[in-house]
Each structure stands twice: as structure tokens, then as C-alpha cells.
Amino acid sequence: MQDLRVFVIDNSIMFQNTLVQELNKRLPSGSLVEHAGLPAEAMEKLSAFNPNVIILNFALGSLLVQQEKFLPLLVQKFPNIPIVTYGILDSGQQAAQILGASHYLKKPSIGQPMEPFFEKIVNTLLLAQGKSSAAVTRDPRKAATPVPSPAPTPVSKPQTSFVTLPANSGNIDLIAMGASTGGTEALSAVITRLKPPLPGIVIVQHIPPMFSRLFAERLNTECKLTIKEAASGDVVLPNHVYIAPGAKHMTISRMGTHYMLECKPGPPVHSVCPSVDVLFDSVADVAGRHALGIILTGIGKDGAAGLLKMRQKGAPTIGQDAATSTVYGMPKSAFEMGAVEQQLPLLSIPDAIHKIAK
């Protein structure tokens, strides 16, 4: 049996921490437990952590996320991962199964012993893991009950768009990308569709420490390019992708005919570290018109000013469009200040990269 990777989602920080501690004590050696408090944070971390079981406070399952209830959205995005839910109501079991949970556990009321509950969770997680290699088994009664059908996410829609080739197409030796909220999925959609030969790619995704490495490792198993978490001293090689480590800004410098990376802690820019603007600024200064800049989905305006600086130095620039962005914040800010040369649907961006960079 593969090592257990459990992702806990509970908006009560106190109970979330308690549950994580209890799972770490009781699960088999080699198990990993990660956690989040709210749906948006969970969706960011889940793609990077790649769990084989999710455990969810059922009270969060009915929250609306992207106009869908959170639990059906989880089922849609992670169809082969069992989702174990828990709640304080006996009546929650049927509702949880209708929404797509594989299991529902009754949480003890205040004053009742918690030990049996933690033991039951562990046993349920181990049982669920044993079933996760096949299609997740849902309660057969669910078939007779109308189930909300989550709308397809923008990433899954076929998209076509005309790509304008800039004058310096084929003269690109570096690609710089930035993303935030929804970025792990957007980057996955783009990077998995790229193939050699391509210049080296440097990426800032707003992501916590450790998850940048996990995200890079997962992508590396799915892509034709080589993906790694960036480190100071890395020489940017063709057909390689470097993801900035969490809590460290990433910049480039010139080393002969190559680019070299520096990753180090620094004050937050736009309240984040790593910052897309920090990367794009250095790319504009060092690579100029020989770089391609791309800004994807995200809250706020990080990367907009840096992308404008890249464009002013002659670099072609691309922004993700509103229809396919999870949050049309960063691309919108860049577009409105004139930093975006062409705005494209997400799944048109890989084709644009190949055409411009080659």
C-alpha cells in the first residue's frame, strides 16, 4: 500500500490543529498530513500536495465556491480521491453522500470523548485509501437522488484564439510566467501542453514553502519538460521549468550566454513573497526583448508593473483572459495599464508560446 497522504480541511483552526496532531500520532509511519482552513486556500494547496484521501468538515461542503457548493466542486476536480466528511448532525450522512462524499462520520458533541472519533477517522482513512486505486465507490442510493452537476471549469473548455506573432518571434531565449489564485491549475494546464524544444521557463506562483517543491515534483511527473523548484545558482537550461520557492523572491542575472537564478527571502511586494513583479523586473532588465512574459489568473495586481516594464523593453507579453481566469485580477491590472500585448484564453496560451518562442 502506498504511503498515505491526507489533506484536512476545517475552518476551525483549533480543531484543525488537533485533528492534524491526532492523525500524525495514529497514522502509519510514512504518512503525510497537510491542512487548510478555507476552500480557496484548500484548492491552491490540493493540486500541489496531491493527496490520496481528503477529510472535510461537512459544514464547509455546502459553502459556495465559483458558484458551486464546495464538496461537489472537490468531487469534480478530484474524482478519484475519496472524500471523508464529518459533522455534528446525524442527518448529515445522507446529505454528504448526495453531494459526493465517500464517508460521513458523526463528530462527538462538546463534553463527549474524542478518542473513539479519532480512531474511527484513522480506520476510515485507511479503508478509503484501499479503495482509491480504483474508482471511488459512492453509495448506490445516490444514483436515485438528483445530484447537483457542477458546471465545467473554464480550464476544461476547448478554446481557440488567433495568436499574433510579434516581430521578434523565434528570438526568445527565456519565458517568464506569474500566477496567483487558481494558478496551480492554470499552470498545470499550460505546462503539461508544452513540449521541447523551448527556452527555459521561470515561474512565480504565490504558494507557501514546501508546496512549491511538491507542486514542481508533481508537474515533473506529468510533463515533457523538466520541472524543478528553483534554487540560487541554478543555470536556466532549455526545456527546463523553474518554480520559485515559497517565501523567496526569484531574480535572474546574466552568466556569459546563460541566465542564472537567485532565490532569497525579502520583504513582501504587494503583500507576497515570492513576487511576480520582482521576477518580471529582473527579466526586463537582464533579458529585455529576448524574453516572453505571461501573466495568469490571480487576485490583486502583482506582476502588472513588471510585465509593463518587459513590454517597454520590447518583450512580447500575454495575459490570460477574463472568461478563463479563476480570478481576473492580476491579468486585468496588467491589461488595463497596457502591459498585455495580447489577451488569450488559457488553453490558447501553450500554442502561443510555441509559435512565439520558436
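Please refer to the structure placed before this passage.
Below, the structure is looked at part by part. (Residues numbered from 1 in each chain as written. Predicted model: local features only at pLDDT ≥ 70, side-chain atom pairs only at ≥ 80, totals over all residues. Heavy atoms only, no water.)

### Quick word on the nonpolar core
Residues I9 and M177 are the most contacted members of the largest nonpolar core, which totals 60 residues. Beyond its immediate sequence surroundings of up to four residues, I9 is in contact with A36, A42, L46, I54, I55, L56, N57, L60, F70, L74 and Y86. Formed by 29 residues, the second largest nonpolar core is a distinct cluster that contains C263, V276, F280 and L307. (Core = buried A, V, L, I, M, F, W, Y, C linked by side-chain atoms within 4.5 Å. Buried < 20%, exposed > 50% of the residue type's maximum accessible area, 1.4 Å probe, protein only. Contact = heavy atoms within 4.5 Å.)

### Some thoughts on the packing of aromatic side chains
Two aromatic rings, taken as a pair, are described by how far apart their centres are and by the angle between their planes. Enumeration according to the criterion identifies eight aromatic pairs in this entry. Three or more aromatic residues joined by ring pairs make a cluster, and in this case those are F15, Y86, F117 and F118. It is R5 that lies over the ring of F49; its NZ or CZ is 4.6 Å from the centre. The cationic tip of K107 hangs over the ring face of F15; the distance from NZ or CZ to the ring centre is 3.7 Å. (Phe/Tyr/Trp six-rings, centres within 6.5 Å; stacked < 30°, edge-to-face > 60°. Lys NZ or Arg CZ within 6 Å of the ring centre and 35° of its normal.)

### Let's talk about the pairing of strand β2 (residues 32-36)
The pairing of strand β1 (residues 5-9) with β2 spans five bridges and is classified as parallel. Bridged to F7 within β2 is E34. With helix α1 (residues 13-26) bridging β1 and its parallel neighbour β2, the resulting β-α-β unit is right-handed. (Pairing = 2+ DSSP bridges. Helix = DSSP H or I, 4+ residues; strand = E, 2+ residues; numbered from the N terminus. Right-handed = clockwise from strand over helix to strand, strands pointing away.)

### Describing α1
Turn by turn, an α-helix covers 3.6 residues, leaving residues three or four places apart pointing in a common direction. For α1, built from 14 residues, the straight-helix expectation of 20 Å at 1.5 Å per residue is met to within 8% by its first-to-last C-alpha distance of 20 Å. All of the buried residues in α1 are F15, Q16, L19, V20, E22, L23 and R26. Down the axis of α1, the sector holding all buried residues measures 165 degrees, keeping them to one side. Seen from the open side of α1, the exposed residues pointing more than 90 degrees away from its buried face are M14, Q21 and K25. (Expected span 1.5 Å × (residues − 1). Arc of directions from axis to C-beta.)

### Some thoughts on the sheet that holds β1
Ordered by their spatial adjacency, five strands build an open sheet running β2-β1-β3-β6-β7, and the pairing between neighbours is parallel. Both edges of this open sheet fall to β2 and β7 (103-106), since each of them pairs with a single strand only. Across the sheet, the mean angle separating the axes of adjacent strands is 20 degrees when strand polarity is ignored. Sitting on the sheet, α1 is in contact with β1, β2, β3 (53-57) and β6 (83-87), with an inclination near 175 degrees to β2. (Axes fitted to C-alpha atoms, helices over the stretch in contact; angles between N-to-C directions.)

### Quick notes on the pairing of strand β14 (residues 291-295)
Counting buried positions along β14 gives five out of five residues, so the element sits mostly inside the fold. Side chains A291, G293 and I295 project from β14 onto one buried face, and the interleaved L292 and I294 project onto a second face that is buried too. Two strands pair when backbone bridges link them, and strand β8 (residues 174-179) and β14 are joined in this way by five bridges, in the parallel orientation. Considered in β14, the bridge of I175 is made with L292.

### Observations regarding the side chain of D234
Looking at the element boundaries, D234 is found in the loop between β10 (226-229) and β11 (240-243). A polar side-chain atom of D234 sits 2.7 Å from a polar atom in the side chain of K228. Residue contacts for D234: discarding those within four places in its chain leaves K228, E229, Y242, Y259, M260 and L261. (Polar contact = N/O pair within 3.5 Å; in protein donor to acceptor, adjacent residues only side chain to side chain.)

### Describing the pattern of salt bridges
In total, this model carries 14 salt bridges according to the counting rule given. A salt bridge links E115 to R26, with the nearest nitrogen and oxygen atoms 2.5 Å apart. You can see E115 sitting in helix α6 (residues 115-131) and its partner R26 sitting in helix α1, a full 89 residues away along the chain. Here E217 ties to R213 by a salt bridge, and the two come within 3.1 Å at their closest N and O atoms. Of this pair, E217 and R213 both sit in helix α8 (residues 211-222), four residues apart, roughly one helical turn. Overall, the relative accessible area of 41% leaves E217 in the partly exposed class. Taking the relative accessible area as the measure of exposure, R213 reaches 35% and is therefore partly exposed. Overlapping salt bridges, with partners in common, bring together E22, K25, R26, E115 and E119 in one network. (Salt bridge = Lys/Arg side-chain N within 4 Å of Asp/Glu carboxyl O.)

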